[in-house]
Amino acid sequence: MSIPPNSSPTPQNDVVNGMADYSDRPAKRSLSGFWRSASYIMGAGAAERFAYFGVGTNLISYLTGEMGQSTAAAAASINLWAGAGLLLPLLGALAAESFLGRYPTVVCSSLLYILALGLLTTSAFVDGQGSPSELGIGYFFVSLYLIALGQGAYKPCITAFGADQFDEQDPLELRSRSSFFNWWYFGLSAGPLIPLLALNYVQDNISWVIGFGIPCVSQVIALVVFLLGRKSYRYNIKKNEKCTLNWGIVSPTIDAYSDEEDQVGLESIPHLKFLNKPLLVSGKMEEAKEMLTLIPLWAASLPFAIAISQSATLFTKQGITMDRSITPSIDLPAASLQYIIGLTIIILIPLYDRVLVPLARTLTGSPSGLTELERIGTGMLLCALSLVAAALVEQKRLRTAIRHGLADIPGARVPMSFCWLIPQYILYGFMEVFTYIGLQELFYDRVPCSLKSVGLSIFLSIMGMGQILSSLLICLIEEITSKSGGNGWFSDNTNRAHLDYFYWLLAGLNAVGFVAFLYFAKSFKSRRELVVIIVN
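These numbers were taken from a predicted model, which means no experiment stands behind them. (Residues numbered from 1 in each chain as written. Predicted model: local features only at pLDDT ≥ 70, side-chain atom pairs only at ≥ 80, totals over all residues. Heavy atoms only, no water.)

Peer 1: Looking at this structure, how should I read the overall build of the protein?
Peer 2: Counting secondary structure elements, the protein contains 19 helices and seven strands. When the 536 residues of the protein are sorted by exposure, 56% land in the buried category. Look at the contacts in the protein between residues 6 or more apart in sequence, and 80% of them connect residues 24 or more apart. Total accessible area computed for the protein in this model is approximately 22000 Å², and 67% of it derives from carbon and sulfur atoms. (Helix = DSSP H or I, 4+ residues; strand = E, 2+ residues; numbered from the N terminus. Buried < 20%, exposed > 50% of the residue type's maximum accessible area, 1.4 Å probe, protein only. Contact = heavy atoms within 4.5 Å. Areas by Shrake-Rupley, 256 points an atom, 1.4 Å probe, with all protein chains shown as cover.)

Peer 1: Can you walk me through empty space enclosed by the protein in this structure?
Peer 2: Any empty space left between atoms is shown by rolling a water-sized probe over those atoms. As enumerated under the stated definition, the model contains five cavities of 30 Å³ or more in all. Computed from the structure, the largest cavity encloses a volume of approximately 720 Å³. If you trace the largest cavity, you find 31 residues lining it, with Y52, F53, Y185, S311 and E432 closest to the centre. Breaking the lining of the largest cavity down by element, the ones donating at least two residues are α1 (34–56), α3 (71–87), α6 (134–163), α7 (171–205), α14 (339–364), α16 (422–445) and α17 (452–481). At six residues, the largest contribution of residues to the lining of the largest cavity is made by α7. Per-class residue counts for the lining of the largest cavity are 18 nonpolar, 10 polar and three charged. (1 Å grid on protein atoms, 1.4 Å probe; cavity = no way out; pocket = protein on both sides within 12 Å on 5 of 7 lines; lining within 4 Å. Points joined across faces, edges and corners; volume = space filled by probe spheres on them. Nonpolar A, V, L, I, M, F, W, Y, C, P; charged D, E, K, R; others polar.)

Peer 1: What am I meant to see in the pairing of strand β1 (residues 15–20) here?
Peer 2: Where β1 meets strand β2 (residues 26–28), two bridges bridge the pair, whose relative direction is antiparallel. When the bridges of β2 are listed, A20 appears paired with P26. Between β1 and β2, which pair antiparallel and follow one another directly, the connecting turn spans five residues, one of which, D24, has a positive phi of 70°. (Pairing = 2+ DSSP bridges.)

Peer 1: Honestly, the pairing of strand β7 (residues 414–417) in this entry has me stumped. Any pointers?
Peer 2: Moving residue by residue along a regular strand, the side chains alternate between the two faces of the sheet. Judged by which residues are buried, β7 turns out to be one-sided: V414 and M416 face inward and are buried, whereas P415 and S417, on the alternate face, are not. Note that strand β4 (residues 322–323) and β7 share two bridges and pair parallel. Residue pairing across strands places D323 opposite S417, the latter belonging to β7.

Peer 1: Any chance you could explain the packing of helix α15 (residues 372–403) against helix α18 (residues 499–522) here in plain terms?
Peer 2: Describing two packed helices takes the angle between their axes plus the distance from one axis to the other. Between α15 and α18, the least distance of the axes is 8 Å, while the angle of their chain directions is 165°. In terms of orientation, α15 lies roughly antiparallel with respect to α18. For α15 against α18, the interelement crossing comes out left-handed. Among the residues forming the contact of α15 with α18, the class breakdown is 20 nonpolar, four polar and two charged. (Axes fitted to C-alpha atoms, helices over the stretch in contact; angles between N-to-C directions. Parallel < 35°, antiparallel > 145°, perpendicular 65-115°, else oblique. Left-handed = near helix turned anticlockwise from the far one by under 90°.)

Peer 1: Looking at this model, I keep getting lost on α16. Mind explaining?
Peer 2: What sets the pattern is the α-helix's 3.6 residues per turn: residues three or four places apart point alike. Taking 1.5 Å per residue as the helical rise, α16 with its 24 residues ought to reach 34 Å, and the 34 Å between its terminal C-alpha atoms agrees with that figure. Bending of α16 peaks at approximately 35° at the position of E432. With 19 of its 24 residues buried, α16 lies for the most part within the structure. (Expected span 1.5 Å × (residues − 1). Bend = angle between axes of the 7 residues up to and from the residue.)

Peer 1: Even after reading the chapter, I still don't get helix α8 (residues 208–228), so can you show me in this structure?
Peer 2: Over its 21 residues, α8 runs 31 Å from end to end, which matches the ideal 30 Å to within 8%, given 1.5 Å per residue. Residues of α8 that are buried: W208, G211, F212, G213, P215, C216, S218, Q219, A222, L223 and F226.

Peer 1: Could you clarify how one ought to interpret the nonpolar core in this entry?
Peer 2: Across soluble globular proteins, nonpolar side chains have a tendency to be buried as a group. Within the largest apolar cluster, 131 residues are counted, with the highest numbers of intra-cluster contacts made by W81, F140, F180, F226 and M463. Once residues lying within four places of it in the same chain are set aside, the contact partners of M463 are L86, F304, A305, I308, Y436 and L439. (Core = buried A, V, L, I, M, F, W, Y, C linked by side-chain atoms within 4.5 Å.)

Peer 1: Would you explain the packing of aromatic side chains in this entry?
Peer 2: The description of two aromatic rings rests on the distance between their centres and on the angle between their planes. All chains considered together, the criterion is met by 34 aromatic pairs. When the ring of W183 is compared with that of F186, the centres are 5.2 Å apart and the planes differ by 75°; the resulting orientation is edge-to-face. You can see W183 and its partner F186 sitting in helix α7, three residues apart, about one turn around the helix. F186 carries the same exposure label as W183, and that label is buried. (Phe/Tyr/Trp six-rings, centres within 6.5 Å; stacked < 30°, edge-to-face > 60°.)

Peer 1: I tried to follow a nonpolar patch on the surface on my own but got confused; where do I start?
Peer 2: Together, Y40, V220, V224 and L228 make up a nonpolar patch on the protein surface, roughly 340 Å² of accessible area in all. With three residues, the top contributor of residues to the nonpolar patch is α8. Secondary-structure assignment places Y40 in helix α1. (Patch = residues over 30% accessible without salt bridge, like charges linked within 9 Å, V, L, I, M, F, W, Y side chains within 5 Å. Salt bridge = Lys/Arg side-chain N within 4 Å of Asp/Glu carboxyl O.)

Peer 1: Can you walk me through the sheet that holds β1 in this structure?
Peer 2: Strand pairing in a sheet relies on backbone hydrogen bonds. The paired strands run either parallel or antiparallel. Reading across from one edge, β2-β1-β3 is the order of the three strands in this open sheet, with antiparallel pairing throughout. Pairing within the sheet leaves two strands with one partner each, and these edge strands are β2 and β3 (235–236). Where β1 meets β3, two bridges bridge the pair, whose relative direction is antiparallel. Opposite M19, over in β3, you have N236 as the bridge partner.

Peer 1: Hey, could you run me through the environment of C216 in this one?
Peer 2: Counting through the fold element by element, C216 comes out in helix α8. Residue contacts for C216: discarding those within four places in its chain leaves I114, L117 and G118.

Peer 1: Looking at this model, I keep getting lost on the side chain of K155. Mind explaining?
Peer 2: Mapped onto the elements of the fold, K155 is located in helix α6. One buried charged side chain, K155, makes no salt bridge at all; its nearest oppositely charged neighbour is E48, positioned 6.7 Å away. Reaching out from K155, the side chain makes a polar contact with the side chain of Y436 at a distance of 3.3 Å. Contacts of K155, omitting those with residues within four sequence positions, involve R49, L86, Y436 and L460. (Lys, Arg positive; Asp, Glu negative; His and termini not counted. Polar contact = N/O pair within 3.5 Å; in protein donor to acceptor, adjacent residues only side chain to side chain.)

Peer 1: Got a minute to help me understand the pattern of salt bridges in this structure?
Peer 2: If the charged atoms of two oppositely charged side chains come close together, the side chains can form a pair. Applying the stated criterion across every chain, the model contains seven salt bridges. For R25, the salt bridge identified is with D21, shortest N-O distance 3.5 Å. In this structure D21 comes out as buried when scored by relative accessible area, which is 14%. With a closest N to O distance of 3.6 Å, R354 and D353 form a salt bridge.

Peer 1: Is there a simple way to explain the environment of G229 in this structure?
Peer 2: With respect to the helices and strands, the residue G229 is situated in the loop between α8 and β3. On a C-alpha basis, the gap between G229 and I41 in space is 7.7 Å, while along the polypeptide they are 188 residues apart.

Quick look at the structure:
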């Protein structure tokens, strides 16, 4: 990966405002932060993602196999667990911004993460001794949700802490911060890719105890790598009033802003016009309004979040029933098909950052090439297309099963190559590069400096709510479609199920979400635009 060198600061601009070094002295631009610090954080992030995905990518196989759950129940369990892990970051972020700080929160959550992974490993050992008891099942799920709690506090804080290493007041570092979000996601996708292929093989063919123990070791490595960079990091000065989350009573005084001036910010946003008067009681009304303008975009992104949760569950169940042979004696693990998404991200991000962004920058004048909203909208459109592709492939798979007389044989492998699934996985990779990274940058960049971790946790809550809505949707549809005693959309006999209907439904929901996003994006004001309006 090509990382741009740091600028050569003059003595006048060498001190980074509002930041301290590890000795609690003013941070110097030439000695701290920038890519030198970000590299440690990216390395730790890659190791942590290997630990998380080492558990999550093949979890449906463990639940339907070792734990004896049905397909629908396993998919719902995974969606609820993943959803909890993406909603819990709000608690970790509030703790970090209120009193702990981002760096201590990352360290503490890492320790909890390691403990939880250790408990999960012992749970797999106990369950492997025979049929799982109710106590064993409870122990397993407690371990699983402790992982969700640990990574929930870890994820928004380490991402925000990484972005903190780039000073937005310096033009070069501000431009590099946009690149950081691209390379951050690149590292999270590229780092675990090859090891996860081997790990899934270990889980499927050797031992789940070893398969869960390796992620625990990986999280220990993540913590060690993160601590190695402590002397090079920049830390927020918590006593800085502009970057501290204040839980005290807000003064009702309006700092030199008249009613008429204040209404400019939200007057052009019809669905938030009613908030002009109530927000006059806040001394930081422009920041509060700015956060509120993100709410409609949050809601419009939920169909995307529901769709993105299917790659680890239903896509994997599709792959299980297809021909995955590489050689006459070796089959590709169904869960490893998800790494096509990671491979697509690895190829696309360098092209995006080094080719598309400079080209778009010359056309638009934006430091990031495409604005966050343009990037997100592009990914949402690709999301709908990927679901259409998934539905068409599933229809072909069902027709093939019927043609070969396999429809009524549960678990029968359909003579149809797994390569048919590759287009939908590639499109998923494209939509993540555009929408997922775009949303992450939007919710970091458009919140006050005292709420960066909270902003990222709100972004993660989109994905968490999507997981939960997916679980509820699956349970509701399964209840309705199997009520008469026939095969529901999510029947355990995948050759009689109708995952294609579900994909068409999600494609329709994403089309609606895309239209809603376009509507709300037209009236969205960025933080910088809102400040300019108020100052003028």
